[in-house]
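Overview (structure and organization)
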Amino acid sequence: MGNGNFYKRTTHRVYEFAVLVTAPVCGVLLVALNFRPQSVEVAMPYAIKISWEFGLIVVGVAGLLGMFWPGQLGTGLGIELAAVLMLGAIAAMYVVAVLAVAGGQAVVAASFVGAVAIGSWLRSAEIVWSLRLLMRLTEAGACPAPEGKT
């Protein structure tokens, strides 16, 4: 794989970008409006609810920071990895809450949010693979970033 292909493979992710932009917006709205979905109110203890809301904000900001990190590619991928792992956990928490409260009536909502969790974990695996490849390229003396920036 050429150096340019590696860089493109790690930077062009429109769906991930859309989810990471939406997450902090949702978190800010939950905090500002002090209004939570009924499933969250019923299924999550107070401390978990607050952590879940602020987690949405942190995940989005950190994930976008990692995606567009101007420094070393490995650092950006590491930040993004932490964010998408957390996003998967937060999405899974919501799926459990929705199913616990609404049961079968929540299958559609749980499926869509569950897809975010699964997609996040798959992206995490891809990032780990990319980081391993980056280490191999660096050890071999190859420069995986454009214009020699790593």
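Anything mentioned here points back to the structure above.
Residues numbered from 1 in each chain as written. Predicted model: local features only at pLDDT ≥ 70, side-chain atom pairs only at ≥ 80, totals over all residues. Heavy atoms only, no water.

**Focus: the side chain of Glu80**
For clarity, the cut-off: Secondary structure elements are taken from DSSP: a helix is a run of H or I of four residues or more, a strand is a run of E of two residues or more, and numbering for both begins at the N terminus. The contact criterion used is simple: two residues touch if any of their non-hydrogen atoms lie within 4.5 Å.
Tracing the backbone shows Glu80 in helix H5 (residues 73-102). Excluding anything up to four places from it in sequence, Glu80 contacts Arg13, Glu16, Gly63, Gly66, Met67, Arg123 and Ile127.

**Overview of helix H2 (residues 14-33)**
For the record, the criterion: Multiplying one less than the number of residues by 1.5 Å gives the expected span of a helix. Working definition: with a 1.4 Å probe on protein chains only, accessible area under 20% of the residue-type maximum means buried, over 50% means exposed, and in between means partly exposed. What the arc describes is the spread of directions from the helix axis to the C-beta atoms.
Taking 1.5 Å of rise per residue, the 20 residues of H2 would be expected to cover 28 Å, and the 29 Å separating its terminal C-alpha atoms lies within 8% of that figure. Among the residues making up H2, those that are buried are Glu16, Leu20, Ala23, Pro24, Gly27 and Leu30. Taken down its axis, H2 places every buried residue within 125° of arc, on the same side. Exposed side chains of H2 directed beyond 90 degrees from the buried face belong to Val14, Tyr15, Ala32 and Leu33. The secondary structure elements touched by the buried residues of H2 are helix H4 (46-67), H5 and helix H6 (107-139). Just downstream of H2 lies Asn34, where phi reads positive at about 50°.

**Overview of H4**
Taking 1.5 Å of rise per residue, the 22 residues of H4 would be expected to cover 32 Å, and the 31 Å separating its terminal C-alpha atoms lies within 8% of that figure. Lys49, Trp52, Glu53, Gly55, Leu56, Val59, Gly60, Gly63, Gly66 and Met67 are the residues of H4 that are buried. On its buried face, H4 sits against H2, helix H3 (38-43) and H5.

**Some words on the side chain of Glu53**
Examined against the element boundaries, Glu53 turns out to sit in helix H4. If sequence neighbours within four positions are ignored, Glu53 has contacts with Gly27, Leu30, Val31 and Arg36.

**Looking at the nonpolar core**
Put simply, the rule reads: What is meant by a nonpolar core is a set of buried Ala, Val, Leu, Ile, Met, Phe, Trp, Tyr and Cys residues, joined one to another through side-chain atoms within 4.5 Å.
In terms of nonpolar packing, the biggest core is built from twelve residues, these being Leu20, Ala23, Leu30, Val40, Met44, Trp52, Leu56, Val59, Met67, Leu87, Ile90 and Ala97. Only H2, H4 and H5 provide two or more residues apiece to this core. Ranked by the residues each element gives to this core, the list is headed by H4, at four residues. Once residues within four sequence positions are removed from consideration, Ile90 is found in contact with Trp52, Gly55, Leu56 and Val59. Judged by nonpolar contacts, the second largest core, of six residues, contains Leu73, Leu77, Val84 and Ile127.

**Brief notes about the packing of aromatic side chains**
Rules: Centres within 6.5 Å make a pair out of two Phe, Tyr or Trp rings, where for Trp the six-membered ring is used; the pair is then stacked when the planes are under 30 degrees apart, edge-to-face when over 60, and tilted otherwise.
Overall, the coordinates contain two aromatic pairs when judged by the stated rule. Here the aromatic rings of Phe17 and Phe68 are separated by 5.9 Å at their centres, their planes lie at 90°, and the arrangement is edge-to-face. Highlighted residues: Phe17 in helix H2 and Phe68 in the loop between H4 and H5, separated in sequence by 51 residues. Classification of Phe17 as partly exposed rests on a relative accessible area of 37%. An angle of 15° between the planes, with centres 5.5 Å apart, marks the rings of Trp52 and Tyr94 as stacked. Linking Trp52 in helix H4 with Tyr94 in helix H5, this pair joins segments that are 42 residues apart in sequence. Relative accessible area serves as the criterion here: at 6%, Trp52 is assigned to the buried category.

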